[in-house]
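Coordinate inspection notes
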Amino acid sequence: MRIDPDFDRRRPSSEGKAFVYVLPLRSEELLKLGFSRDPAVRMQSLHARYFEFFDLDRVFVIETDRVREARRMESELKRAIEIHRAPAPLEVSWQARGETEWYRGAYASLCAAARELAQRGFSVRPGNSWLRDRLLARSGDLYEWSLLVFEQMRLAHDPTELVHRATLAATLRDRLDALTAVDIDVAQCTPVDVVDWYCALGRNDVRGQ
């Protein structure tokens, strides 16, 4: 049995909403199929710039009432597209890639299956709108987190701290670029100092900031 890395240990595995997700890559006809309580966290674990790596216009998620139901649905879909199984792309984080969950040339089949599931009453949502709603729902946490990160960056002085600052800056920029990718105004979710820093970046490489 595969372990869901986003499993919430405070609740039994049969309780709480879960999602089956389909994540097509932007650069080639390869996709990831899986389930998670929070596909946004799952995407981020796969690639820091998931909003560019995956084609959000083709991503979709299917909502279920229980993890058990999502697991069963995922298994049924996997069996239907077994012939399309492919190696995981090298660009994704090896700790989170899920070697048996990547498929090539299966998108049309999964779209057809999603239409049937929608007719049966399941909620099937486009990735762009679902991700936008999810990021907005987490915007309060983002405000506090971005303020803390920015303060750490501002206090960095010695060489070791400056290296750490570059890492923090890249992480912060990735989070804010994710908002921009789904048309969320960064100024709605982050402090003024962070907004000013982000706007000043323009097209510059964040490592120099």
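Worth saying up front: this structure is predicted, and the values here are computed from it rather than measured. (Residues numbered from 1 in each chain as written. Predicted model: local features only at pLDDT ≥ 70, side-chain atom pairs only at ≥ 80, totals over all residues. Heavy atoms only, no water.)

1. Description of the sheet that holds strand 5 (residues 123–126)
The sheet built from five strands is open, its strands ordered 4-2-1-3-5 with antiparallel pairing. If you trace the sheet from one side to the other, it starts and ends with strand 4 (102–104) and strand 5, each paired once. Going from strand to strand, the sheet's axes swing by 20° on average, the running direction of each strand aside. Note that strand 1 (residues 18–24) and strand 2 (residues 30–36) share six bridges and pair antiparallel. Of the residues in strand 2, the one forming a bridge with proline 24 is leucine 31. Relative to the sheet, helix 5 (residues 127–137) contacts strand 1, strand 3 (60–64) and strand 5, its axis offset from that of strand 5 by approximately 90°. (Pairing = 2+ DSSP bridges. Helix = DSSP H or I, 4+ residues; strand = E, 2+ residues; numbered from the N terminus. Axes fitted to C-alpha atoms, helices over the stretch in contact; angles between N-to-C directions. Contact = heavy atoms within 4.5 Å.)

2. Topic: the packing of aromatic side chains
The tally for this structure, following the rule as stated, stands at four aromatic pairs. Ring geometry for tyrosine 50 against phenylalanine 51: centres 5.4 Å apart, planes inclined by 80°, an arrangement best described as edge-to-face. Across the pair, phenylalanine 51 and tyrosine 50 agree in class, each one buried. Judged by centre distance (5.1 Å) and plane angle (75°), the ring pair of phenylalanine 53 and phenylalanine 54 falls under edge-to-face. As far as burial versus exposure is concerned, phenylalanine 53 and phenylalanine 54 are alike and both buried. Looking at arginine 58, its charged tip hangs above the ring of tyrosine 107, at a distance of 4.7 Å from the centre. When the ring centre of tryptophan 145 is taken as reference, the NZ or CZ atom of arginine 175 above it lies at 4.4 Å. (Phe/Tyr/Trp six-rings, centres within 6.5 Å; stacked < 30°, edge-to-face > 60°. Buried < 20%, exposed > 50% of the residue type's maximum accessible area, 1.4 Å probe, protein only. Lys NZ or Arg CZ within 6 Å of the ring centre and 35° of its normal.)

3. Quick look at the confidence of the model for the protein chain
With 85% of its residues at a pLDDT of 70 or more, the protein chain has an overall mean of 86. Confidence over residues 1–13 falls short of pLDDT 50; this stretch has 24 contacts with residues more than four positions distant or in other chains. Here residues 203–209 is modelled with pLDDT under 50, and outside its nearest four sequence neighbours on either side it reaches 13 contacts, counting other chains as well. (pLDDT = per-residue confidence, 0-100.)

4. Focus: the pattern of salt bridges
This model, assessed by the stated rule, comprises 16 salt bridges. Where glutamate 28 meets arginine 104, a salt bridge forms, and the shortest distance between an N and an O atom there is 2.8 Å. With glutamate 28 in the loop between strand 1 and strand 2 and arginine 104 in strand 4, this residue pair connects regions lying 76 residues apart in the sequence. Judged by relative accessible area, glutamate 28 falls into the partly exposed class, the value being 29%. A salt bridge links arginine 58 to aspartate 55; the nearest nitrogen and oxygen atoms lie 3.1 Å apart. (Salt bridge = Lys/Arg side-chain N within 4 Å of Asp/Glu carboxyl O.)

5. Brief notes about the packing of helix 1 (residues 39–46) against helix 5
Taken N-terminus to C-terminus, the directions of helix 1 and helix 5 make an angle of 95°; their axes are 10 Å apart at the nearest point. Judged on the interaxial angle alone, helix 5 and helix 1 are roughly perpendicular. Of the residues in helix 5, those touching helix 1 at Pro39, Ala40 and Met43 are Trp130, Leu131 and Arg134. Taken together, the residues that form the contact of helix 1 with helix 5 break down as five nonpolar, no polar and one charged. (Parallel < 35°, antiparallel > 145°, perpendicular 65-115°, else oblique. Nonpolar A, V, L, I, M, F, W, Y, C, P; charged D, E, K, R; others polar.)

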